[in-house]
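Residue-level listing of the chains:
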Amino acid sequence: MKFNSVFDIIGPVMIGPSSSHTAGAARIGKAARNLFGLEPTWAKIHLYESFAKTYKGHGTDFALIGGLLGYETDDPRMSKSLDTAKEKGINIEFIEDPSAVDHPNTARLIIGNDTDTLELIGISIGGGKVEITELNGFALRLSGNHPAILIMHNDRYGAIASVTKILAKHEINIGHMEVNRKDVGKEALMVIEVDQNVEDPILRELEDAQHINQIAKIVS
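Residues numbered from 1 in each chain as written. Predicted model: local features only at pLDDT ≥ 70, side-chain atom pairs only at ≥ 80, totals over all residues. Heavy atoms only, no water.

Draft legend 1. Representation of the overall build of the chain. Looking only at helices and strands, one finds six helices and 10 strands in the chain. The buried share of the chain, reckoned over its 220 residues, is 47%. Taking contacts inside the chain between residues at least 6 apart in sequence as the whole, the part at least 24 apart equals 69%. By element, 47% of the accessible surface of the chain is carried by carbon and sulfur atoms, the whole surface being about 10500 Å². (Helix = DSSP H or I, 4+ residues; strand = E, 2+ residues; numbered from the N terminus. Buried < 20%, exposed > 50% of the residue type's maximum accessible area, 1.4 Å probe, protein only. Contact = heavy atoms within 4.5 Å. Areas by Shrake-Rupley, 256 points an atom, 1.4 Å probe, with all protein chains shown as cover.)

See below:
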């Protein structure tokens, strides 16, 4: 299994007129794709405030979809991503949502296929930088400024200990850690910020740990 970064490194050139509305939007889309694990067959995208008002003119629409297609921010195919998605049969709906949000450049992506769905809230904070603030109903505090691991797991005894034991074995120091769950014994999300990037062999070891369902990483 290939472990992709949720926040991919932005290249020296970006496609589109605005770092906040285009490059940032592409990174939000790419984050959703990476966490979903594959290309979705449908997407419902709620846009708020500034995103909702200017998404067509500033290229936020094609950037979000380009990210969902797996494009880098400087990919020349980015501007044609809406056409490409249509050719692939991906059903896309943009919704100008009037709900109040904390940041004007906010997008809620609900993506899926015939069997699975994922919901993510991301904000573009300028200069192509983004924050992911919610994943499948779990509140996050991720800026992408530090390496981190996102681990979806069953809320069972020993799940957290099995992860921290592996990190300690490889001398990976935890800078911040939080665990959220929706209900006792249900799915939970472990977010661990670490002091160095975690290599793929360690991620594979973590994936095989007790009660772990899915892993994604953020590289610094």
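Back to the text.
Draft legend 2. Examining helix 6 (residues 200–207) more closely. Listing the buried residues of helix 6 in full gives Ile202, Leu203 and Leu206. All buried residues of helix 6 lie within an arc of 100° about the axis, which places them on one face of the element. Where helix 6 is buried, its residues contact strand 7 (148–154), helix 5 (159–169) and strand 10 (212–218). (Arc of directions from axis to C-beta.)

Draft legend 3. Expanded view of the pairing of strand 1 (residues 42–48). Most of strand 1 sits out of view: five of its seven residues are buried. Here seven bridges tie strand 1 to strand 3 (residues 106–112), and the two strands are oriented antiparallel to one another. Its bridge partner being in strand 3, Ile45 is matched across the sheet by Leu109. (Pairing = 2+ DSSP bridges.)

Draft legend 4. Up close: the packing of helix 5 against helix 6. Here helix 5 crosses helix 6 at 155°, and the two axes come no closer than 10 Å. With respect to their mutual orientation, helix 5 and helix 6 come out roughly antiparallel. Helix 6 is crossed by helix 5, and the crossing has right-handed handedness. Contacts between helix 5 and helix 6 involve Val163, Ile166, Leu167 and Lys169 from the first element and Ile202, Glu205 and Leu206 from the second. The residue inventory of the contact of helix 5 with helix 6, partitioned by class, reads five nonpolar, no polar and two charged. (Axes fitted to C-alpha atoms, helices over the stretch in contact; angles between N-to-C directions. Parallel < 35°, antiparallel > 145°, perpendicular 65-115°, else oblique. Left-handed = near helix turned anticlockwise from the far one by under 90°. Nonpolar A, V, L, I, M, F, W, Y, C, P; charged D, E, K, R; others polar.)

Draft legend 5. Quick look at the side chain of Asp61. Structurally, Asp61 is set in helix 3 (residues 60–68). Although Asp61 lies buried, it forms no salt bridge, and the closest oppositely charged side chain, Lys56, sits 6.5 Å away as judged by the N-O distance. Every residue in contact with Asp61, bar those within four places of it in the chain, is listed here: Tyr55, Lys56, Leu82 and Phe94. (Lys, Arg positive; Asp, Glu negative; His and termini not counted. Salt bridge = Lys/Arg side-chain N within 4 Å of Asp/Glu carboxyl O.)

Draft legend 6. Summary view of unusual backbone geometry. For Glu49, which is not a glycine, the phi torsion comes out positive at approximately 45°. Tracing the chain through its elements places Glu49 in helix 2 (residues 49–54). Notably, Asn136 is not glycine yet its phi reads approximately 50°, a positive angle. Residue placement: Asn136 occurs in the loop between strand 5 (129–135) and strand 6 (138–142).

Draft legend 7. The sheet that holds strand 4 (residues 117–126), seen in detail. In space, the six strands of this open sheet follow the order 2-1-3-4-5-6, with mixed pairing throughout. Strands at the two margins of the open sheet, each flanked by one partner only, are strand 2 (91–97) and strand 6. Strand after strand, the sheet turns through a mean of 20° between neighbouring axes, direction not considered. Relative to strand 4, strand 3 is paired through seven bridges, and the arrangement is antiparallel. Looking across to strand 4, one finds that Ile111 is bridged to Leu118. Each of strand 1, strand 2 and strand 3 is contacted by helix 3, which is oriented at about 140° to strand 1, the strand it contacts most.

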